[in-house]
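Read off the chains here:
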Amino acid sequence: IMYNVEQLTAASTEALRTIIQQGLITIALLGYLLYTNWRLTMCILIFGPVIGFVISKASKRMRKLSQQVQDTMGDVNHVVQETVNANLIVKGFGGQIYEQERFKQNSLENLRRGLKMVAVQQLNSPVVQLIMSVSLSIVMYIALRPQILGDTTAGEFVAYITAAGMLARPIKTLTDVNEKIQRGMAAAHSVFELLDMPEEHNTGKLNDALKGNIQFKDVNLVYGDGHHAIHDFNLEVKAGETVALVGRSGAGKTSLVNLLVRYQETTSGQILLDQKPITDYELTALRTQIAMVNQQVVLFNRTVRENIAYGQLENASDEEIIAAAKAAYAHDFIMALPQGYDTPLGAQGLNLSGGQRQRIAIARAILKNAPILILDEATSALDNESEYFIQRAFDQAMRDRTTIVIAHRLSTIENADRIVVMDQGRIIEQGNHAELIARQGAYYQLHQRNFEEH
Ligand SMILES: Nc1ncnc2c1ncn2[C@@H]1O[C@H](COP(=O)(O)OP(=O)(O)OP(=O)(O)O)[C@@H](O)[C@H]1O
Ligand SMILES: [Mg+2]
């Protein structure tokens, strides 16, 4: 985005200035030439289309080349960004040579295209100038014939030739600017491609306070690549209920909760919130009422306080922030940080442990105090002791709200009102812990395996 917008800015400011300046000079000189000797000027103008043809040929080629160069520029930046972000993986898996090679290949490709572009650029002006000079020589030759020269005096003739000669410079500048415009057009194309991408559908108007009744009716989700992640899913969650989703990795648990915050849209079927279709709710109104702790914790390069009180929670008071942190069992380790709540977390919160990062994310969700709480693997990175505390905090937080917990560690969800076992996007079993254990089905097996692991 930045590279393309820069190109576009250069093209529109510089090019516009040159076109106006040099364009006016060209028009004035042409007017003078026509006024002095129109026959001769017509001869010159015959060469105009020839020059124009060459210019348009060259500029078409330029546009294609600069498009290619821009695409590879993107690739190089991408390689660098990816390698830096993933530097631990690169080092840990010995990917240095591979990444270096990838960077080298991309840079070389970039260089090759860049050279080609410069070559075409450099060829562009000399060719145009050559055409200009040749045409001027022919003009001189014709002009010296008496039929055309007529009764022109020597003085007038010199003035005419001088003016015609002066025309070369502005025309050359104008052809140069053409190249810049072509580059700008290629950049504009990329920028508009991005701007024209469809936005999130947000046609709903409702902004009622949610009670927390959730109903999935024949919900299907098919991802763009054709993967059918959720199959004819039917589930009703009453306000205040705690429902645990369990199932093998890839069963569709995260996909299902992503539908609730409309990160994904249902392919068919309906989700009702308090008996009204989810799409009837205004998107922001919907999302402010659902607190979600994602499977991948995301923290910002800001202070602890700003990370907990993020976005809509910006105006939370210190007491509220501390209460949320205490509830998430994060207060103690936060106080042990060098500047307490004002400690900057560094990029992606990398100066915290995995469990600490997760507790900050949980504090953020608790502070949101929303009627619907979604915890995706919220306790997976915690040791048994912190898990115990977090569990107590959750029991508190879950008390008067609808909660959907996704867990791999089954010990954390034994108290849930209902446990829903999913496989390949379908419900294969549901009931409470005791019932499911007694049934000795899929949950029982998961439980046995879980028990062996821990
Ligand atoms: N954006 C996506 N595009 C295409 N397929 C996807 C996408 N996200 C997930 N999937 C696929 O959908 C299926 C369900 O994924 P999902 O993340 O919901 O599983 P999960 O139950 O949360 O697994 P885990 O327990 O490992 O978190 C998987 O087979 C996955 O490959
Ligand atoms: Mg998941």
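Computed from a predicted structure; not experimentally measured.

Parameters and conventions
Residues numbered from 1 in each chain as written. Chains lettered and ligands numbered in written order. Predicted model: local features only at pLDDT ≥ 70, side-chain atom pairs only at ≥ 80, totals over all residues. Heavy atoms only, no water. Phe/Tyr/Trp six-rings, centres within 6.5 Å; stacked < 30°, edge-to-face > 60°. Helix = DSSP H or I, 4+ residues; strand = E, 2+ residues; numbered from the N terminus. Buried < 20%, exposed > 50% of the residue type's maximum accessible area, 1.4 Å probe, protein only. Donors = N, O, S within 2.8 Å, 3.2 Å for Na, K, Ca; no water. Patch = residues over 30% accessible without salt bridge, like charges linked within 9 Å, V, L, I, M, F, W, Y side chains within 5 Å. Areas by Shrake-Rupley, 256 points an atom, 1.4 Å probe, with all protein chains shown as cover. Salt bridge = Lys/Arg side-chain N within 4 Å of Asp/Glu carboxyl O. Expected span 1.5 Å × (residues − 1). Arc of directions from axis to C-beta. pLDDT = per-residue confidence, 0-100. Near = heavy atom within 4 Å. Polar contact = N/O pair within 3.5 Å; in protein donor to acceptor, adjacent residues only side chain to side chain. Nonpolar A, V, L, I, M, F, W, Y, C, P; charged D, E, K, R; others polar.

On to the packing of aromatic side chains. Under the definition given, this model contains two aromatic pairs. Between Phe-216 and Phe-233, the aromatic rings sit 5.5 Å apart at their centres with planes inclined by 80 degrees, giving edge-to-face as the arrangement. Linking Phe-216 in strand E1 (residues 214–222) with Phe-233 in strand E2 (residues 228–237), this pair joins segments that are 17 residues apart in sequence. Across the pair, Phe-233 and Phe-216 agree in class, each one buried.

Attention now moves to the coordination of the magnesium ion (ligand 2). Metal coordination angles have textbook ideals: 109.5 degrees for a tetrahedral set of four donors and 90 or 180 degrees for an octahedral set of six. Listed as protein donors to the magnesium ion (ligand 2) are Thr-254 (OG1) and Gln-295 (OE1); their distances from the metal cover 1.8 to 2.3 Å. Here Gln-295 lies in the loop between strand E6 (290–293) and helix H10 (304–308) and Thr-254 lies in helix H8 (residues 253–260), a separation of 41 residues in the sequence.

Below, the discussion takes up a nonpolar patch on the surface. The grouping of Ile-1, Met-2, Val-5, Leu-194 and Met-197 at the surface amounts to a nonpolar patch, some 540 Å² of accessible area in total. Counting through the fold element by element, Met-197 comes out in the loop between helix H7 (168–195) and E1.

Turning our attention to helix H6 (residues 154–166). Across its 13 residues, H6 extends 18 Å between first and last C-alpha, which sits within 8% of the 18 Å expected from 1.5 Å per residue. Looking at H6, one finds that the buried residues are Phe-157, Tyr-160, Ile-161, Ala-163 and Ala-164. Along H6, the residues classed as buried sweep out an arc of 160 degrees about the axis, all on the same side. Counted as exposed and oriented over 90 degrees from the buried face of H6: Ala-154 and Val-158.

Glancing now at the confidence of the model for the protein. Overall, the prediction assigns the protein a mean pLDDT of 85, with 90% of residues at 70 or greater. Across the protein, E1 holds the top mean pLDDT of 96, while helix H14 (residues 384–398) sits lowest at 70.

Right, let's talk about the site of ligand 1 for a bit. Of all residues adjacent to ligand 1, which total 13 residues, the nearest are Ser-249, Lys-253, Thr-254, Ser-255 and Gln-295. A distance of 2.8 Å is found between an oxygen atom of ligand 1 and a backbone nitrogen or oxygen belonging to Gly-250. The residue inventory of the shell around ligand 1, partitioned by class, reads three nonpolar, eight polar and two charged.

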